[in-house]
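Listed below are the residues making up each chain.
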Amino acid sequence: MEKIVIHGGSPLVGTIGISGMKNAALPIIMGCVLVKDECIIENLPEIHDVTVSLQILEAMGVKIRMIDRNTVAIDATHAQCGSSPLGLVNTIRASYYLMGAELGRFGRSRVGYPGGCDFGVRPIDQHLKGFRALGATADIVGGYVDASTEDGLKGSHIFFDLVSVGATINVMLAACMAEGFTEIENAAKEPHVVDLANFLNACGADIKGAGTDTIRINGVPSLHGCTYAIIPDMIEAGTYMIAAAATHGDLTITDVIPKHLDCVSAKLREMGVTVEEGDDWVRVSLDRELKPTNVKTMPYPGYPTDMQPQISILMCLAKGTSTLRESVFDNRFRYIDELLRMGANVKVDGKTAIFQGGGLTAARVRAVDLRAGAAMVIAGLAVAGRTEIDNIHLIERGYDHLIEKLQAVGAMIAKMDVKESVTILQAE
Ligand code: UD1
């Protein structure tokens, strides 16, 4: 068991390069199952969820060849439908993209119910509604999602009841080789939805409108291999932007698409942070007191729920009252208990957290989920003294070389074996 130990209180200064986007890489990896050919995927982040996704495909008979640390060749010519291992599938959320990919390729699918971060109830009814609209049966039986069609998927019109990234992506995967025309309305507009559409189009699909709330898909008979580079991770970039502000630092964050960061940049500016932008970089610095603000999470282009825990740290550090409203998930405030351990002045009322500011103190805390774990890292970097974070495997699900990237901009942060850290603690 390992933990992260931080001696915080110093500004982060320097340059951090951003890796490929986790939430684009995962559906693209699963999307390779649609293709009876080799796809070369570049700018792959080195994170646990990518490793697990590749292991799942390998167990299904897909040929995986690492070309370098960030490039993989995936050949799903001999993929076996329904053979994904439950023990891996139910450890990550993105395994549910296998449902759409298998259904699109084989006309049937059997995949274990997905896992992922615990934000309360996370139903998949919209995914199943989409598959049924395409003419498949789709049911959850004994911990598996079973879907099948007798005579192939047929293009259809789908109006989602709510905006769901996962359901939009799953229906795109299933529909790109369905017979005829599919229209998805009330679709998610996230950059990773667009990235998957671009990948599928590079493989010969005919998908238009990704990035708007109506996606139109003309089914094609087959897809071919391609070489495709994943877009930069806006959540990783946003996390470092907030870390720069929280430590009163000065970070240049490179290899980003600044447009994807507009919602975070706007909030930081409201809080008194200086944000400058270039073609593929943002520079974030703070040399004054943080001002309070109000944030409500929304589907893209609104403020992302995956950046909600991180900005809570700035609200703890700001002078005055801030409110943070979660409107995407049922229960994404489990990490507030950890902030209370750090002395935060915060109350939760339903889906709103109210922060009185006034600062935090170093403490021993744990990551309750991936982004909440990143928030604990930011808190540890911001406050003087020693912060220890347990449960760090959750952070490693989604941040590529977090420790090394932060060390390179002056952070005193290390990963330690739990036993090792106890020894150091006793010696101190
Ligand atoms: C994805 C991301 C996650 C991000 C989220 C919102 C991946 C692997 N995960 O999760 O990091 O926080 O988008 O940007 O990319 N819902 C239903 N029925 C459904 C599907 C969703 O009620 O069939 C609800 C969810 O419970 C939630 C809301 O819709 O309240 C949005 O969820 P969704 O956009 O689907 O999130 P995920 O795809 O699970």
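Here is what the cut-offs are and how they apply
Residues numbered from 1 in each chain as written. Predicted model: local features only at pLDDT ≥ 70, side-chain atom pairs only at ≥ 80, totals over all residues. Heavy atoms only, no water. Axes fitted to C-alpha atoms, helices over the stretch in contact; angles between N-to-C directions. Helix = DSSP H or I, 4+ residues; strand = E, 2+ residues; numbered from the N terminus. Parallel < 35°, antiparallel > 145°, perpendicular 65-115°, else oblique. Contact = heavy atoms within 4.5 Å. Pairing = 2+ DSSP bridges. Near = heavy atom within 4 Å. Polar contact = N/O pair within 3.5 Å; in protein donor to acceptor, adjacent residues only side chain to side chain. Areas by Shrake-Rupley, 256 points an atom, 1.4 Å probe, with all protein chains shown as cover. Nonpolar A, V, L, I, M, F, W, Y, C, P; charged D, E, K, R; others polar.

K.L.:
Hey, could you run me through the packing of helix α6 (residues 165-175) against helix α7 (residues 191-202) in this one?
P.N.:
Remark: α6 packs on α7, axes separated minimally by 10 Å, with the N-to-C direction vectors making an angle of 10°. Of the possible angle classes, the one that applies to α6 and α7 is roughly parallel. When α6 is examined against α7, the residues V165, T168, I169, M172 and L173 are found in contact with a partner set consisting of H192, V193, L196, A197 and L200.

K.L.:
Explain the sheet that holds strand β16 (residues 281-285) to me, please; I cannot follow it from the model alone.
P.N.:
Adjacent strands of a sheet pair through backbone hydrogen bonds, lying either parallel or antiparallel. Strand order across the open sheet formed by four strands is β2-β14-β16-β15, with mixed pairing between neighbours. The open sheet has two edge strands, β2 (13-17) and β15 (274-277), and neither has a second partner. In this sheet, neighbouring strand axes are inclined to one another by 15° on average, regardless of whether the strands run parallel or antiparallel. Across four bridges, β15 lies against β16 in antiparallel orientation. Each residue of the ladder has a partner; that of V275, found in β16, is V284. Its contacts with the sheet put helix α9 (residues 262-270) on β15 and β16, and the angle it makes with β15 is roughly 145°.

K.L.:
I would appreciate a short explanation of the site of the ligand in the present structure.
P.N.:
Y96, Q126, S164, D306 and V328 are the nearest of the 21 residues found near the ligand. For the ligand, an oxygen atom lies 2.5 Å from a polar atom in the side chain of Y96. Between the ligand and V328, the relevant distance is 2.5 Å, taken from an oxygen atom to a main-chain nitrogen or oxygen of the residue. Protein chains shield 89% of the accessible area of the ligand, which is 730 Å² for the free molecule. Mapped onto the shell around the ligand, the elements with two or more residues apiece are α5 (125-133) and α6. Here the residues of the shell around the ligand sort into 10 nonpolar, six polar and five charged.

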